[in-house]
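Structural overview
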Amino acid sequence: MLGASTLTIGAPQLIGCSTEPNENGPAPLNEVGASAVEATATESALPDGYQVVNADVLIIGGGNLGVNIALSALSEGREVTMLDKGVWRHSGVSGMSWDYFAGRYFTPAISYLGIENGKALTNALSFTKERDRYVYQVNHGQTLPDRDEKGQYLPFINENRTQGQFCRRHMDNLRTANGFGVDEQFMVTSLLIQDGKCLGAMGIHLPTGAFRVYRANATAIATGGCCWFYGWMTVGSYSINNPDNTADAEMAAFRQGLAIANSEFACYDLMSINPPGLACAFGGGIGADAQEYQFVFDNAGERLFSDDDENVSDRNYFNQFLAKAIAIDGRGTESNGVFLNVGDHGLRYGNARNVDLLERFGVGVRTDQIQIAPEMFEHGGSPIVDENMMTEVEGLFCGRNFPGGADVAGNYYYGLYTGHKIAEYAASQESKADGPSVNWEDVNAERARLEAIRTHRADDGVRPLQVRQMIQEAGFTGMGVYRTTELMEKSLAELRRIREEELPRMTVADSSLVFNTEWKHAIENYNLLDLAEMSVQASLNREETRGSYMRAEFPEKDDVNWNCVQVCRLQDDQMVFEKVSFEPLDASVLEQ
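Residues numbered from 1 in each chain as written. Predicted model: local features only at pLDDT ≥ 70, side-chain atom pairs only at ≥ 80, totals over all residues. Heavy atoms only, no water.

Along the backbone of the protein there are 18 helices and 21 strands. When each of the 592 residues of the protein is scored for burial, the buried share is 60%. Long-range contacts, defined as pairs at least 24 residues apart, comprise 75% of the intrachain contacts of the protein with a sequence gap of at least 6. If you sum the accessible surface of the protein, you get close to 22,300 Å²; carbon and sulfur atoms cover 47% of it. (Helix = DSSP H or I, 4+ residues; strand = E, 2+ residues; numbered from the N terminus. Buried < 20%, exposed > 50% of the residue type's maximum accessible area, 1.4 Å probe, protein only. Contact = heavy atoms within 4.5 Å. Areas by Shrake-Rupley, 256 points an atom, 1.4 Å probe, with all protein chains shown as cover.)

Rendered as structure tokens:
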């Protein structure tokens, strides 16, 4: 077991003592080596068995949103430390090979439900507008803007000219930036919250099993929407999202009493379900959404959507229409899907690049109808934020204000604004050589929880991946695009059975610390189960249809009772739900 040690890091400290950028990028923290990190702490209560790292701005999440927050905070003179659960540059949206830049800026029909914190959205849009949002987008996409007949910039950017540029190219730039450091393959398991203030985070370095404590002046959650509780299909999940995204930071916040918002909402598109080995993954499948409605056909070979339907480009309408067509009108397949008929027409880059791949596996994308089904690609379930993107806890920010999720551009304007506000806050904090003083009793309690998960044994034990599949199947039952009371009650009952009967039996066969993936999966299962149960219960509570799904018994929007955000808190070990209303978006900010 490692002894106590502390170090303060920005990019130079991760590499060594140099104050110049390193063209090879920062070494991962584990390469620094425990022997090279001498104990310098002055806290007498500092216990053995931890690596302690001091940071200025701490960002949890290394994908599109986290990169934008980092770029913004660095531009304002802050040092940034990023915690990436995956391998740096190959996790988040980049890990799904979905690293091309956003094709639009802000489109209300795609990005706005009207119930989220409108003041935060107004502030984010205003901030990025003042920074010349189009120039920023174009530079990050390495493309040229499109203009209308008057020479004005259009809000849509040609995606075919932005292939594979964001965010890996800007991850490369971050690697050589002064003041930036990344700890990759690090799993956050708890937030350090004392007296209503966040002092950092703690967790496990997955390759070594080392426990690390990060003390920071300001912390941001930038982990994106977790969809991994939704759907298991032989060798693929009905989720586009990265399997490392298991709501670790969000559920850590939930366990400490923070309100989690919008867990009933998700975003869906259509993705191929055959062959199953390549199914339901943006990186390996092919599909369509509201932008490619003309390629979607029903079981009779008829187009599902009409060119005369002026609402078809609205992603929420698209999914509600799809739910009705499959579940009510009987126009779907036996697998509750529809068909993609591309022919010789072009698809967006994200799908078109997979045509050759699928054809090598004998899938006639250009000649046959391909069966596609709704997959979840974004999900709500993040801490509620104020107009400055700060959560209910001082010093803890969250870059998400989405009911169900957003297009990639949302990570841009919320990311830059969150980076700006977290930089302001960090500058106001008194820096200490040894970082904030944390409550080590809380740290030890979290470590004991993690060790108990790793060492627990049961005579009739069930492996973590078996429990994972149970959660996914139950989540798939209750959280699709067509939700009935019967299905959601069935889903909720199964999730509660898993909590009562399966979690106590969950056994990690590998007791080691080094690269113990079963331990990782077991820890994640607690987060996935909490989020799944929260989401299904919130869906049952919301007796209306809003967003990207249809509620069978309540097919209309109910602004009288439900024009609000629904949040969930943990009180006395019970999930408690309440309604919260916000000011709407100031529409004047959309004027060009």
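This part is about the pattern of salt bridges. Using the criterion set out here, one finds 32 salt bridges in the structure. The partner of Lys-85 in a salt bridge is Asp-248, and the shortest N-O contact between them spans 2.7 Å. Here Asp-248 lies in helix α9 (residues 248-255) and Lys-85 lies in the loop between β3 (80-84) and α4 (92-95), a separation of 163 residues in the sequence. For Lys-85, a relative accessible area of 12% corresponds to the buried category. Given a relative accessible area of 9%, Asp-248 falls into the buried group. Taken together, the salt bridges that share partners define one network made up of Lys-85, Asp-244, Asp-248, Arg-468, Lys-520 and Glu-524. (Salt bridge = Lys/Arg side-chain N within 4 Å of Asp/Glu carboxyl O.)

Time to look at the sheet that holds strand β21 (residues 574-580). In space, the 4 strands of this open sheet follow the order β16-β10-β20-β21, with antiparallel pairing throughout. What marks the edges here is a single partner per strand, and that holds for β16 (382-383) and β21. Pairing geometry for strand β20 (residues 565-571) and β21, over 7 bridges, is antiparallel. Directly across from Gln-571, in β21, lies its bridge partner Gln-574. Set on the sheet, α9 makes contact with β10 (260-261), β16, β20 and β21; between it and β20 the angle comes to about 65°. (Pairing = 2+ DSSP bridges. Axes fitted to C-alpha atoms, helices over the stretch in contact; angles between N-to-C directions.)

Each pair of packed helices gets described by two things: the angle between the helix axes and the distance between those axes. One can describe the packing of helix α15 (residues 464-478) onto helix α16 (residues 485-502) by two numbers: an axis separation of 7 Å at closest approach and a directional angle of 160°. Between α15 and α16, the crossing angle belongs to the class labelled roughly antiparallel. α16 is crossed by α15, and the crossing has left-handed handedness. Between α15 and α16, the residues in contact are Val-467, Met-470, Ile-471, Ala-474, Gly-475, Thr-477 and Gly-478 and Leu-487, Met-488, Lys-490, Ser-491, Glu-494, Leu-495, Arg-497, Ile-498 and Glu-502, respectively. Looking at the contact of α15 with α16 residue by residue, the class counts come to 8 nonpolar, 4 polar and 4 charged. (Parallel < 35°, antiparallel > 145°, perpendicular 65-115°, else oblique. Left-handed = near helix turned anticlockwise from the far one by under 90°. Nonpolar A, V, L, I, M, F, W, Y, C, P; charged D, E, K, R; others polar.)

Take the side chain of Lys-421 next. Here Lys-421 lies in helix α13 (residues 408-428). Once residues within four sequence positions are removed from consideration, Lys-421 is found in contact with Asn-388 and Phe-397.

A few words now on the sheet that holds strand β14 (residues 338-340). Taken in spatial order, the 5 strands make up an open sheet running β12-β11-β15-β14-β13, and their pairing is antiparallel. With partners counted over all chains shown, the strands left at the sheet margins are β12 (287-288) and β13 (296-297), one partner each. Of the pairings in the sheet, the one linking β14 to strand β15 (residues 370-379) comprises 3 bridges and is antiparallel in character. The residue bridging Phe-339 from the neighbouring strand is Gln-371, located in β15. Its contacts with the sheet place helix α10 (residues 315-327) against β11 (266-272), β14 and β15, and it is angled at close to 60° to β11.

The buried fraction of β11 amounts to 7 of the 7 residues, a majority that puts the element mostly inside the structure. Across the two faces of β11 the burial is the same, with Ala-266, Tyr-268, Leu-270 and Ser-272 and Cys-267, Asp-269 and Met-271 all buried. Sheet topology note: the β11/β15 ladder contains 7 bridges and is antiparallel. Across the sheet, Cys-267 pairs through a bridge with Glu-378, a residue of β15. Direction of pairing for β11 relative to β12: antiparallel, over a ladder of 2 bridges. Its bridge partner being in β12, Leu-270 is matched across the sheet by Ala-288.

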